[in-house]
Amino acid sequence: AQSVAQPEDQVNVAEGNPLTVKCTYSVSGNPYLFWYVQYPNRGLQFLLKYITGDNLVKGSYGFEAEFNKSQTSFHLKKPSALVSDSALYFCAVTPGDDKIIFGKGTRLHILP
Amino acid sequence: EAQVTQNPRYLITVTGKKLTVTCSQNMNHEYMSWYRQDPGLGLRQIYYSMNVEVTDKGDVPEGYKVSRKEKRNFPLILESPSPNQTSLYFCASGTGSPYNSPLHFGNGTRLTVT
């Protein structure tokens, strides 16, 4: 079955430190990969996407993600975390049809 | 302002009483979809629509109906709501298939069925 896994329910990082939010996927073919962020009482917002090409993708708010085909991973990263980065982050994959599969989400807490 | 608008934001109802959650987008998007968000389960797709009069089931369509009579509107209908449909619902739209087009989400509708 096609799926997306976010192995950590919550990640705590001190402000100013680098952060990583993990995502792995199990999809046949060449999927497209996305990261979305959800702030309290809001819908999801698009952060970045990987289609083809460079394995390091840059997105909004200083975030980037690294695609690793051999490990089927698409980890979200930021060199220096801000308190305002605290939110719920979702990894998503589109297998090649018109559907999209979301992970269960990872809550990121940036500690001042 | 480009946006996806859902109404209502909060809804409390009783089992069996038909309800409709509206969704409208002003970006002339072809693709629209509905999701429910539950703790520990993330977002699960209910229905989606690639264009007017074209709708398809997502992963959890049971108990829900949708229609796409106009490009901008995609209402979610619960003919006979049950307590297991208590959830946070999101509507989203995109320029084309989510295969390569980012989705734009509404702010959500929190539904409680007693």
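Rules used in this analysis
- Residues numbered from 1 in each chain as written.
- Chains lettered and ligands numbered in written order.
- Predicted model: local features only at pLDDT ≥ 70, side-chain atom pairs only at ≥ 80, totals over all residues.
- Heavy atoms only, no water.
- Helix = DSSP H or I, 4+ residues; strand = E, 2+ residues; numbered from the N terminus.
- Buried < 20%, exposed > 50% of the residue type's maximum accessible area, 1.4 Å probe, protein only.
- Contact = heavy atoms within 4.5 Å.
- Polar contact = N/O pair within 3.5 Å; in protein donor to acceptor, adjacent residues only side chain to side chain.
- Salt bridge = Lys/Arg side-chain N within 4 Å of Asp/Glu carboxyl O.
- Pairing = 2+ DSSP bridges.
- Phe/Tyr/Trp six-rings, centres within 6.5 Å; stacked < 30°, edge-to-face > 60°.
- Disulfide = S-S within 2.5 Å.
- Buried area = accessible area lost by both parts, 1.4 Å probe.

**Looking at the environment of T106 of chain A**
Residues and elements named next belong to chain A.
Okay, step 1: Take T106: it is sitting in strand 12 (residues 106–111).
Okay, step 2: Judged by its relative accessible area of 0%, T106 is buried.
Okay, step 3: Sequence separation of T106 and Y89 is 17 residues, and the distance between their C-alpha atoms is 5.2 Å.
Okay, step 4: Setting aside chain neighbours within four positions, we find T106 in contact with Q6, E8, D9, Q10, V11, V21, A87, L88 and Y89.
Okay, step 5: Within the structure, T106 has its side chain in polar contact with the side chain of Q6 (distance 3.1 Å).

**Quick look at the pattern of salt bridges**
All names here are of chain B.
Okay, step 1: Applying the stated criterion across every chain yields a total of 7 salt bridges over all chains.
Okay, step 2: The partner of K65 in a salt bridge is E79, and the shortest N-O contact between them spans 2.9 Å. You can see K65 sitting in strand 7 (residues 65–66) and its partner E79 sitting in the loop between strand 8 (76–78) and strand 9 (87–94), a full 14 residues away along the chain.

**Quick look at the pairing of strand 9 (residues 73–78) of chain A**
Residues and elements named next belong to chain A.
Okay, step 1: Counting buried positions along strand 9 yields 5 of 6 residues, so the element is predominantly enclosed.
Okay, step 2: Bridging between strand 3 (residues 19–21) and strand 9 involves 3 bridges; their strand directions are antiparallel. Looking across to strand 9, one finds that L19 is bridged to K78.
Okay, step 3: Counted between consecutive antiparallel strands, the loop separating strand 8 (residues 64–68) from strand 9 contains 4 residues, among which T72 sits at a positive phi close to 45°.

**What about the packing of aromatic side chains?**
Okay, step 1: Inspection of the entire model under this criterion finds 16 aromatic pairs over all chains.
Okay, step 2: Plain terms: the ring middles of Y25 of chain A and F67 of chain A are 6.4 Å apart, the flat faces sit at 15° to each other, and that makes the pair stacked. On the criterion of sequence distance, the pair formed by Y25 of chain A in strand 4 (residues 24–26) and F67 of chain A in strand 8 is long-range, its members being 42 residues apart. The pair formed by Y25 of chain A and F67 of chain A is uniform in burial state, with each residue classed as buried.
Okay, step 3: Aromatic pair F90 of chain B and F105 of chain B: ring centres 6.4 Å apart, planes at 80°, arrangement edge-to-face.

**A short note on the state of the cysteines**
Residue and element names in this part refer to chain A.
Okay, step 1: In the structure shown here, the tally under the stated rule is 2 disulfides over all chains.
Okay, step 2: Each disulfide pairs two cysteine sulfurs, and for C23 the partner residue is C91, the sulfurs being separated by 2.0 Å. Taking the sign of the S-S torsion, -65° for the link of C23 and C91, the bridge is left-handed. With a gap of 68 residues between them, C23 in the loop between strand 3 and strand 4 and C91 in strand 10 (residues 87–94) connect regions that are remote in the sequence.

**Topic: the sheet that holds strand 7 of chain B**
Residue and element names in this part refer to chain B.
Okay, step 1: Ordered in space as 1-3-8-7, the 4 strands form an open sheet in which the pairing is antiparallel. Looking at the sheet topology across the chains shown, the edges are occupied by strand 1 (4–7) and strand 7.
Okay, step 2: Where strand 1 and strand 3 (residues 19–25) come together, 4 bridges link them in antiparallel fashion. By the bridge assignment, Q6 is partnered in strand 3 with C23.

**Observations regarding the pairing of strand 8 of chain A**
All names here are of chain A.
Okay, step 1: With 3 bridges joining them, strand 7 (residues 56–58) and strand 8 adopt antiparallel strand pairing. Bridge pairing in strand 8 links K58 to E64.
Okay, step 2: Counted between consecutive antiparallel strands, the loop separating strand 7 from strand 8 contains 5 residues, among which Y61 sits at a positive phi close to 55°.
Okay, step 3: With 5 bridges joining them, strand 8 and strand 9 adopt antiparallel strand pairing. Note on strand 9: the bridge partner recorded for A65 is L76.

**Considerations on the interface of chain B and chain A**
How big an interface is tends to be expressed through the accessible area that disappears when the partners come together.
Okay, step 1: Taken together, the contact pairs 26 residues of chain B with 24 residues of chain A.
Okay, step 2: Between chain B and chain A, the buried area comes to about 2,000 Å², and carbon and sulfur atoms account for 56% of it.
Okay, step 3: It is L43, Y99 and F105 of chain B that lose the most area in chain B upon contact with chain A, and together they represent 30% of the buried surface on that side.
Okay, step 4: At the boundary of chain B with chain A, the tally comes to 0 salt bridges.
Okay, step 5: Elements with a contribution of two residues or more to the side of chain B that touches chain A: strand 4 (31–38) and strand 5 (42–51) of chain B.
Okay, step 6: Ranked by the residues each element gives to the side of chain B that touches chain A, the list is headed by strand 5 of chain B, at 5 residues.

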